[in-house]
Amino acid sequence: MAHKARHRGPVITMLWNTDLEVKTRVAIGIGARQKLSNILAQIGSGKRVLVLCQPSTAVHWLRDLLSVLPQEDYQVTTLEVPDGEACKSTDWLIRIWEHLQERKFDRRDTIVALGGGSVTDLAGFAASTYLRGLNLVLVPTSLLGMVDAAIGGKTGINLQSGKNLAGTFYFPKAVLADQELLSTLPENQFKSGIGEIIKYGMIEDTVAKTTDYELGPKRMLDVLDASLGNAFEHDDPGLSGIISSCIKMKLFVVAKDPQEANLRRILNLGHTIGHAIETLSDYKVSHGEAVGIGLFLDTKYSVKQKRIDKAALDKVEELLAKAGLSTSIPSGISKEKVVNVMGSDKKREGQSIKLVLPQTKLGVVDYDVTVPLSDLSKTL
Ligand SMILES: NC(=O)c1ccc[n+]([C@@H]2O[C@H](COP(=O)([O-])OP(=O)(O)OC[C@H]3O[C@@H](n4cnc5c(N)ncnc54)[C@H](O)[C@@H]3O)[C@@H](O)[C@H]2O)c1
């Protein structure tokens with residue numbers, strides 16, 4: 001399928017330095033994907049380029065992306081991996097290694113991921129491990145991928161015993177977040193990304209206070225409040241700005257704490273409860289939907305602890321409802337099991353767990369709260 005980029009608004013390009021001295025170029029906006037060829041030149045890519053895609057992006061966007069890579073400059077091969085979590089496997093990792101080896105990729109050559117978070121996670125892991133590191137460029141195609149999975153340098157695959165159990169920290173040389181790619185994204189996946197975006201709104205003030213992130217003229221929660229529910233879709237003119245703020249927040253947090261020693265935990269607001277729900281639903285509840293429920297329950301717990309007013313909980317409920325996201329644990333999942341799964345989370349300390357909780361007003365959080373599991377059980 002051929003697509004023409006509509007040029008509405010500039011493509012914002014940032015050059016990002018993390019504390020690890022890695023430079024990531026980030027381009028955001030409609031048409032950002034068309035910078036791929038320039039970006040490959042800027043990062044000094046070798047001639048060999050492997051584009052990893054998934055069935056949906058192979059149908060909708062692969063030809064379009066390949067059309068921006070001049071054949072005389074690059075030897076491009078493609079690999080289509082299975083949809084969703086199925087691609088984050090040792091089998092697919094080995095297939096990618098073999099593909100690279102058969103085509104004699106060297107360390108200057110590049111893996112480009114064209115897909116949602118599952119493809120960018122797999123591509124990152126493969127790029128970080130083959131020859132101890134190839135160039136990596138991510139072109140996230142889901143909203144969740146743009147605001148979260150493609151940003152921050154975490155890569156991973158699943159093992160039989162659990163999700164993301166094998167992984168590395170490896171920063172892409174560039175991320176091209178092009179809103180137009182969202183035009184083919186199914187509605188439930190778009191909603192899943194919004195769950196994650198609401199989380200960013202709920203940590204924005206603390207991120208601004210603790211990093212160099214600057215608050216814009218309008219706080220993200222106010223923008224979301226005004227936009228969500230009013231047929232807010234992939235082509236909303238405000239979406240690029242929202243994506244850009246989320247990416248900046250994550251980059252600023254990750255730059256300060258790349259390996260999650262302290263501040264990076266702030267990104268886990270809503271995620272501890274969310275992960276438990278996602279796992280117990282056998283991933284039928286999407287990541288962002290589960291995070292939405294987690295955001296509501298974390299805020300509810302904060303109200304109970306008198307950390308924040310009940311009005312804040314009402315606002316979170318209203319935002320989630322406008323986004324079409326749920327606030328309650330799905331009926332087939334028992335609350336006891338949710339607490340049990342949270343008890344096996346890596347953030348557990350004895351009979352307590354570390355949580356990020358809203359504090360004083362929405363936008364502000366305390367990211368180092370120890371909560372007894374028994375207490376949480378009562379709130380749920
Ligand atoms: N590395 C990180 O920091 C990080 C953070 C959050 C999530 N993740 C990982 O990301 C994954 C979830 O991300 P996701 O929801 O993007 O997953 P995904 O890749 O499974 O994509 C979700 C669905 O949307 C479809 N899709 C994606 N882009 C499309 C498009 N433009 N048009 C049509 N269909 C499209 C896919 O085919 C898939 O069915 C999980 O594996 C999770 O572990 C990683």
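Residues numbered from 1 in each chain as written. Predicted model: local features only at pLDDT ≥ 70, side-chain atom pairs only at ≥ 80, totals over all residues.

**Description of the overall build of the protein**
Along the backbone of the protein there are 14 helices and twelve strands. Its C-alpha atoms give the protein a radius of gyration of 20 Å, near enough to 21 Å, the size a compact globule of 380 residues would have. In terms of overall dimensions, the protein has C-alpha extents of about 65 × 45 × 40 Å along its principal axes. Expressed as a percentage of its 380 residues, the buried residues of the protein come to 47%. (Helix = DSSP H or I, 4+ residues; strand = E, 2+ residues; numbered from the N terminus. Rg over C-alpha atoms; globule rule 2.2 N^0.38 Å. Buried ≥ 20, exposed ≤ 12 C-beta atoms within 10 Å, placed from the backbone.)

**A few points about the domain arrangement of the protein**
What the domain assignment lists for the protein is domain 1 (12–185) and domain 2 (188–379). Spacing between the C-alpha centres of domain 1 and domain 2 amounts to 26 Å. Listed as interface residues are 24 residues of domain 1 and, on the opposing side, 24 residues of domain 2. Of all the secondary-structure elements, those providing two or more residues to the side of domain 1 that touches domain 2 are strand 1 (12–17), strand 2 (23–28) and helix 6 (143–149). Top contributing element to the side of domain 1 that touches domain 2 by residue count: helix 6, with five residues. (Domains from an automatic or database assignment. Contact = placed C-beta atoms within 7 Å.)

**Regarding the nonpolar core**
Grouped together as the largest cluster of nonpolar side chains are 109 residues, with contacts concentrated most on Leu 52, Ile 111, Leu 122 and Ala 123. The leading source of residues in this core is helix 9 (residues 239–256), at ten residues. Inspection of this core shows a minimum of three residues originating in each of domain 1 (12–185) and domain 2 (188–379). If we skip the residues at most four places from it in the chain, Ile 111 touches Leu 50, Leu 52, Ala 123, Ala 126, Ala 127, Leu 134 and Leu 136. (Core = buried A, V, L, I, M, F, W, Y, C linked by C-beta atoms within 7 Å.)

**Quick look at the packing of helix 7 (residues 187–210) against helix 8 (residues 220–227)**
Interhelical geometry of helix 7 versus helix 8 gives an angle of 140° and a closest axis separation of 8 Å. Of the possible angle classes, the one that applies to helix 7 and helix 8 is oblique. On helix 8, the residues that touch Ile 197, Ile 198, Tyr 200, Gly 201 and Glu 204 of helix 7 are Met 220, Leu 221 and Leu 224. Its residues placed into classes, the contact of helix 7 with helix 8 shows six nonpolar, one polar and one charged. (Axes fitted to C-alpha atoms, helices over the stretch in contact; angles between N-to-C directions. Parallel < 35°, antiparallel > 145°, perpendicular 65-115°, else oblique. Nonpolar A, V, L, I, M, F, W, Y, C, P; charged D, E, K, R; others polar.)

**Some details on helix 11 (residues 287–304)**
Spanning 18 residues, helix 11 covers 26 Å between terminal C-alpha atoms, matching the ideal 26 Å at 1.5 Å per step. The buried fraction of helix 11 is high, at 16 of 18 residues. Just downstream of helix 11 lies Lys 306, where phi reads positive at about 60°. (Expected span 1.5 Å × (residues − 1).)

**Considering the environment of Asp 178**
Along the chain, the position of Asp 178 falls in the loop between strand 9 (174–177) and helix 7. With residues up to four places along the chain from it excluded, the contact list for Asp 178 reads Ile 30, Gly 31, Ala 32 and Arg 33.

**Section: the site of the ligand**
With respect to spatial proximity, 30 residues lie near the ligand, and among them Ser 56, Gly 116, Gly 117, Ser 142 and Ala 149 are the closest. Elements that contribute at least two residues to the shell around the ligand include exactly helix 2 (55–60), helix 5 (117–129), helix 6 and helix 7. Taken together, the residues of the shell around the ligand sort by class into six nonpolar, 18 polar and six charged. Residues lining the shell around the ligand come from more than one domain, with at least three contributed by each of domain 1 (12–185) and domain 2 (188–379). (Near = placed C-beta within 6 Å.)

**What about the pairing of strand 12 (residues 361–372)?**
The two faces of a sheet get side chains in turn, since along a regular strand they alternate between them. Looking at chain direction, strand 11 (residues 352–359) and strand 12 are connected through seven bridges and run antiparallel. The partner of Gln 359 across the bridge, within strand 12, is Lys 361. (Pairing = 2+ DSSP bridges.)

**Looking at unusual backbone geometry**
Its identity as a non-glycine residue notwithstanding, Lys 104 has a phi of 55°, on the positive side. Within the secondary structure, Lys 104 is located in the loop between helix 4 (90–102) and strand 5 (110–115). On the basis of neighbour count, Lys 104 is assigned to the exposed category, with 8 C-beta atoms found within 10 Å. At Asn 164, a position not held by glycine, the phi torsion is positive, near 55°. Position of Asn 164 among the secondary structure elements: in strand 8 (residues 162–166).

**Topic: the environment of Leu 297**
For Leu 297, the location among the structural elements is in helix 11. For the pair Leu 297 and Ser 374, spaced 77 residues apart in sequence, the C-alpha separation works out to 15 Å. Here Leu 297 is in contact with Ile 273, Thr 379 and Leu 380, once residues within four sequence places are set aside.

**Some words on the packing of helix 7 against helix 11**
At a minimum axis distance of 6 Å, the contact between helix 7 and helix 11 shows a crossing angle of 35°. Taken as a pair, helix 7 and helix 11 cross one another with a handedness that is left-handed. From helix 7, Lys 191, Ser 192, Gly 193, Ile 194, Gly 195, Glu 196, Ile 198, Lys 199 and Met 202 reach across to helix 11, where they touch His 287, Gly 288, Glu 289, Val 291, Gly 292 and Leu 295. By residue class, the composition of the contact of helix 7 with helix 11 is five nonpolar, six polar and four charged. (Left-handed = near helix turned anticlockwise from the far one by under 90°.)

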